[in-house]
Amino acid sequence: TLSSRFEGTEMRVEVPPDSVEFKNVECIFKADPASGVKRFYFPGQGTSNFNITKIERVQNAALKDTVDDKRGRVVKMLKSAGIRYEAGVHSRWLFHGAKDADALQNIIENP
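Read on for an overview of the structure. If you're wondering where the values come from, they're calculated on a predicted model, not measured in any experiment.

Moving on, we come to the overall build of the chain. Regarding its fold elements, the chain presents four helices and two strands. Ordering the α and β elements of the chain from the N terminus gives α-β-α-β-α-α. Projecting the C-alpha coordinates of the chain onto the three principal axes gives extents of approximately 45 × 40 × 30 Å. When each of the 111 residues of the chain is scored for burial, the buried share is 18%. Long-range pairs, those at least 24 residues apart, make up 61% of the contacts in the chain between residues at least 6 apart in sequence. Total accessible area on the chain is roughly 8700 Å²; 56% of this is exposed by carbon and sulfur atoms.

Summed over all chains, the structure comprises one aromatic pair. Seen in terms of ring centroids, F29 and F50 are 6.4 Å apart; in terms of plane orientation they differ by 45°. Their pairing is tilted. Linking F29 in helix α2 (residues 20-30) with F50 in the loop between α2 and β2 (56-58), this pair joins segments that are 21 residues apart in sequence.

This part takes up the side chain of Q59. Position of Q59 relative to the elements: it lies in the loop between β2 and α3 (61-80). Here the side chain of Q59 touches R57 through a polar contact of 2.8 Å, side chain to side chain.

Grouped together as the largest cluster of nonpolar side chains are five residues: V15, F22, V25, I52 and I55. Among residues more than four places away in sequence, those in contact with I55 are V13, E14, V15, F22, V25 and E26.

Here the structure, examined in full by the defined rule, presents six salt bridges. When the shortest N-O distance is used, the salt bridge between R57 and E21 registers 2.9 Å. Within this pair, whereas R57 is found in strand β2, its partner E21 is found in helix α2, the two being separated by 36 residues in sequence. The two residues R57 and E21 agree in class, both being buried. A salt bridge links R73 to D69; the shortest N-O distance between them is 3.3 Å. Placement of both R73 and D69 in helix α3 is noted, with a separation of four residues, approximately one turn of the helix. It is possible to trace a salt-bridge network through shared partners that takes in R12, K54 and E56.

Basis of the calculations
Residues numbered from 1 in each chain as written. Predicted model: local features only at pLDDT ≥ 70, side-chain atom pairs only at ≥ 80, totals over all residues. Heavy atoms only, no water. Helix = DSSP H or I, 4+ residues; strand = E, 2+ residues; numbered from the N terminus. Buried < 20%, exposed > 50% of the residue type's maximum accessible area, 1.4 Å probe, protein only. Contact = heavy atoms within 4.5 Å. Areas by Shrake-Rupley, 256 points an atom, 1.4 Å probe, with all protein chains shown as cover. Phe/Tyr/Trp six-rings, centres within 6.5 Å; stacked < 30°, edge-to-face > 60°. Polar contact = N/O pair within 3.5 Å; in protein donor to acceptor, adjacent residues only side chain to side chain. Core = buried A, V, L, I, M, F, W, Y, C linked by side-chain atoms within 4.5 Å. Salt bridge = Lys/Arg side-chain N within 4 Å of Asp/Glu carboxyl O.

In short, the description is geometric, and any link to function would need to be established separately.
Here it is, written out as structure tokens:
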């Protein structure tokens, strides 16, 4: 869950390369897109041969409680309908790239 990944007070957290989170992000990034979907990053080439050296999670303490609350309401609504919440079905990870460190810092400071 999001709450288990949210750490400390820093806005940028380096994800340890040996963690499940790192492996999951790496797997998603390197996967081929679904049939009929065009890759918008690195068009015309695959990503499976890329060596990912660093992943940083940008976290926003001000939004964490709002996101956790919304997820809790979705879980409760699904449960009342007899449906089990499944990450990846009822929620998605979002990725945001930045062309350089200045752009990333701007995203952090002006969400």
